[in-house]
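Chain and residue survey
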Amino acid sequence: MSMHDQHLEDDQAPILWQPTKDKIHDSLIYQFMVALSEQEDTLFHDYQQLHHWSVRHSDHFWDRLWDFCGVIGEKGARITDCPPNSKEPAKDTRWFPDARLNFAENLLAYGRQHPDNDAIVFHCEGNPARRQKLSWRELEQQVSSLSQFLREQGISAGDVVAGYLPNLPQTIIAMLATSAVGAIWTSTSPDFGVDSVVERFGQTCPKILFAADGYFYNGKSHSCLEKVNAMLTELHSVETVVLIPFADLPAPVTPPLADKYRGWNDILNQYQAGPIEFEHVEFNHPLYILYSSGTTGKPKCIVHSVGGMLLNHLKEHLLHSNVNKGDRLFYFTTCGWMMWNWMASGLAAGATLILYEGSPFYPDGNVLWDLADAEDVTLFGTSAKYLEALEKKGFHPNQTHTLSRLRTLCSTGSVLAPEQFDYVYQSIKADLQLASISGGTDICGCFAIGNPISPVYRGECQGRALGMDVQVFDDQGHPLTEAQGELVCRNSFPNQPVGFWNDEGDQRYHSAYWDVFPNTWHHGDFVQLTRHGGLIFFGRSDAVLNPGGVRIGTAEIYRQVNPMDEIIDSIVIGQNWQNDVRVVLFVQLAEGQSLDETLQARIRQRIKAHCSPRHVPAVILAVTDIPRTKSGKLVELAVRHVVHQQPVKNVGALANPEALEQYKDRPELQA
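Residues numbered from 1 in each chain as written. Predicted model: local features only at pLDDT ≥ 70, side-chain atom pairs only at ≥ 80, totals over all residues. Heavy atoms only, no water.

Leu139, Ile172, Leu176 and Phe210 are the most contacted members of the largest nonpolar core, which totals 148 residues. Once residues within four sequence positions are removed from consideration, Phe210 is found in contact with Leu146, Leu150, Val161, Ala162, Gly163, Tyr164, Leu165, Ala174, Trp185, Val242 and Trp264. If you look at the next biggest cluster of nonpolar residues, it comprises 35 residues, including Val584, Leu595, Val623 and Val639. (Core = buried A, V, L, I, M, F, W, Y, C linked by side-chain atoms within 4.5 Å. Buried < 20%, exposed > 50% of the residue type's maximum accessible area, 1.4 Å probe, protein only. Contact = heavy atoms within 4.5 Å.)

Predicted confidence across the protein gives a mean pLDDT of 93, with 97% of residues reaching 70 or more. Note on residues 1–10: pLDDT under 50 across the span, and 25 contacts to partners over four residues away in sequence or across chains. (pLDDT = per-residue confidence, 0-100.)

That bond from Pro255 to Pro256 is cis: its omega, 0°, falls within 30 degrees of zero. Assignment of secondary structure puts Pro256 in the loop between β11 (240–244) and α10 (257–260). A cis amide bond links Tyr362 to the next residue, Pro363, at an omega of 0°. Here the phi dihedral of Asn322 falls at roughly 55°; this positive angle occurs in a residue that is not glycine. Structurally, Asn322 is set in the loop between α12 (306–320) and β16 (328–331). Of the residues examined, Asn322 reaches a relative accessible area of 10% and is grouped as buried. Unlike most non-glycine residues, Glu482 shows phi in positive territory, near 60°. Of note, Glu482 is situated in the loop between β25 (470–473) and β26 (484–489). Overall, the relative accessible area of 40% leaves Glu482 in the partly exposed class. (Helix = DSSP H or I, 4+ residues; strand = E, 2+ residues; numbered from the N terminus.)

What follows deals with the layout of surface pockets. Of the voids in this model, the second largest pocket is the one considered here, and its volume is about 1400 Å³. Together, 47 residues line the second largest pocket, and Tyr217, Pro360, Phe361, Gly632 and Ala655 are the ones closest to its centre. Looking at the lining of the second largest pocket, the elements that each hand over two or more residues are β9 (214–217), β17 (352–357), β18 (379–383), α15 (384–392) and β30 (567–577). Partitioning the lining of the second largest pocket into residue classes produces 18 nonpolar, 18 polar and eleven charged. (1 Å grid on protein atoms, 1.4 Å probe; cavity = no way out; pocket = protein on both sides within 12 Å on 5 of 7 lines; lining within 4 Å. Points joined across faces, edges and corners; volume = space filled by probe spheres on them. Nonpolar A, V, L, I, M, F, W, Y, C, P; charged D, E, K, R; others polar.)

This part covers the packing of helix α5 (residues 103–113) against α12. A packed helix pair is summarised by two numbers, namely the angle formed by the two axes and the spacing between the axes. It is at 9 Å that the axes of α5 and α12 come closest, and there the two elements cross at 30°. Accordingly, the angle class assigned to the pair α5 and α12 is roughly parallel. Touching Phe103, Asn106 and Leu107 of α5 are Val306, Met309 and Leu310, all from α12. By residue class, the composition of the contact of α5 with α12 is five nonpolar, one polar and no charged. (Axes fitted to C-alpha atoms, helices over the stretch in contact; angles between N-to-C directions. Parallel < 35°, antiparallel > 145°, perpendicular 65-115°, else oblique.)

The next point concerns empty space enclosed by the protein. A water-sized probe, rolled over the atoms, reveals where empty space remains. Scanning all chains against the criterion turns up two cavities of 30 Å³ or more. Estimated volume of the largest cavity: approximately 40 Å³. Considering the residues around the largest cavity, the lining is formed by Ser321, Asn322, Val323, Asp327, Arg328, Leu329, Thr378, Leu379, Arg407 and Thr408. In this structure, the second largest cavity spans a volume of roughly 30 Å³. Residue lining of the second largest cavity: His320, Ser321, Thr408, Cys410, Gln433, Ala435, Ile437, Ile449 and Gly450, and that is the complete set. Elements supplying a minimum of two residues to the lining of the second largest cavity: β19 (408–412) and β20 (433–436). Class assignment of the residues belonging to the lining of the second largest cavity gives a composition of four nonpolar, five polar and no charged.

Turning our attention to the packing of helix α6 (residues 136–152) against helix α7 (residues 169–180). Their axes nearest at 8 Å, the elements α6 and α7 cross at an angle of 55°. The orientation of α6 with respect to α7, classified from their angle, is oblique. Relative to α7, α6 is oriented so that their crossing is right-handed. On α7, the residues that touch Leu139, Gln142, Val143, Leu146, Ser147, Leu150 and Arg151 of α6 are Ile173, Ala174, Leu176, Ala177, Thr178 and Ala180. Residues of the contact of α6 with α7, tallied by class, amount to nine nonpolar, three polar and one charged. (Left-handed = near helix turned anticlockwise from the far one by under 90°.)

Right, let's talk about the packing of aromatic side chains for a bit. Enumeration according to the criterion identifies 34 aromatic pairs in this entry. Ring centres of Phe103 and Tyr288 lie 5.9 Å apart, and the angle between their planes is 75°; on these two criteria the pair is classed as edge-to-face. Taken together, the residues span a long stretch of sequence, with Phe103 in helix α5 and Tyr288 in strand β14 (residues 286–291) at a distance of 185 residues. Of the two residues, Phe103 and Tyr288, both sit in the buried class. Grouped by ring-pair contacts, the aromatic residues Phe32, Phe61, Trp62, Trp66, Phe68, Trp95, Phe96 and Phe283 constitute a single cluster. For the cation-ring pair, Arg582 lies above Trp577, with the distance from its terminal atom to the ring centre recorded as 3.5 Å. (Phe/Tyr/Trp six-rings, centres within 6.5 Å; stacked < 30°, edge-to-face > 60°. Lys NZ or Arg CZ within 6 Å of the ring centre and 35° of its normal.)

Have a look at this one:
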């Protein structure tokens, strides 16, 4: 259904896309529903009914999902360790406690039947000659050689292996080799500074560090060698550095890097590929350590399990994203964002991974769409901020590209405004499932996600993820519909974190997610559940504005301000003021614009007309840069701390920490 066919249903948001009957019947989730109907002797007619069943019978759901996805491993007799009718707290439930499996074995399985098909295709900005292509056979051979090397280095189950790497095929290979031997993978991207990396890896103590000699961004090459050398003086746990030649820089000759250095190609030549010895581990054995952004304190080291990641990502790829065998999956991400881990799991669905390293706007905004056409991308993943920037820069991919195989566009990282929904259908592709998805590093997955058998409503995530009892609570813990509140999950799910690294008694883990509402997961998203089961996001609840005691989501203000031609970007905070809170808006102006009284009046009038008088900022100030994390998230809390003259504890987590200087000691904000 195109934009021209949109209609309103019961005064709800307009429907922008609806799958045809044939598309519904061809989808993997429909095949799952048919199989489930036979097994459970229950007819499933639509997504809402399936979701309701998957929550009421979550143990049956995850059990059936294991079989439907063909997970390789021993499932064991028990689905959870809870006795029947147990009231054991959701946070303490252990899933598939008798299971044994290996993550890498499952991700490489499709290639056994199709060894000559593409497993990974890699593109680098500005340089077609750097394109790489690996067949499934080549991928498995390199994983085999590297896993032998890791074993010879003494790496075994429970050891940590780290990557300080661009989004390269070698990064995927290193992760797979690590998980093949039962070890734990953790990574950051090479744009992280030394202090930020040490803050992360210094907590998790990797024995092996994979690093590239450099990377490319925005038309320039950047060396990593000095930064790696500086890290090694702090990271005493690292015994060996495997250096990947990417930027063609000379090998290190000075200690400590030269003393610990091994070359990637030397390792592949030394260890002859053969059958991989996959270490089978428990379902809840650690697989990944991911890090919170750490802008308000030391980054949390969140440990995710082998089985939880595999089973949940299979659910999200096959059922929610309709990733079929042979599909070509692209996500614009770095190795410091959980979407890299999510993307990598596409191999388990039998998809080809399309990797891109570099700027999404070099040489211009066509670059990722050129890639989508050239590589027949079927799922295109990006961030809401990218789509907003693409529109601002005047790109219309549907006028310049065919995108013939593109079926699904995923957006995450921040709230996707209703206007960006319009832009996708008007300027990218009319017949497309637009999945605005949201979850987080905390679960390395989604609470809100798309599905290929339901309509896309303007401004909404399509629905709640299967098997997860996602609700919206008021401050007293009462469920809400069609009102704004806190996103929570009331039941246990396999991809709950194992815990935090080095967290004695799980105290920090429990206080992070389980202390606000009894026995209920809560991690701080301010949302609304619609009548038809969609979710509307209004921003982080810890950044919610509270003027006069009324809670306002920041996304409501961005939705009005950011589309204005005079404005490139904005950030809004609540400032403590005269025993209340006042709204302060910072705007990054387009070239040649000035924040005069006329523009301020237009901003205020637009916000008042489309939101409410309470949303109107008391103060509007111009800045030349808006601070964001390296994965593109706004950092309202960091700006709020600066304005209130409080320390920002980890500026290294920011892509542009120097931007914060503009928010300090502004005379307009002094009492």
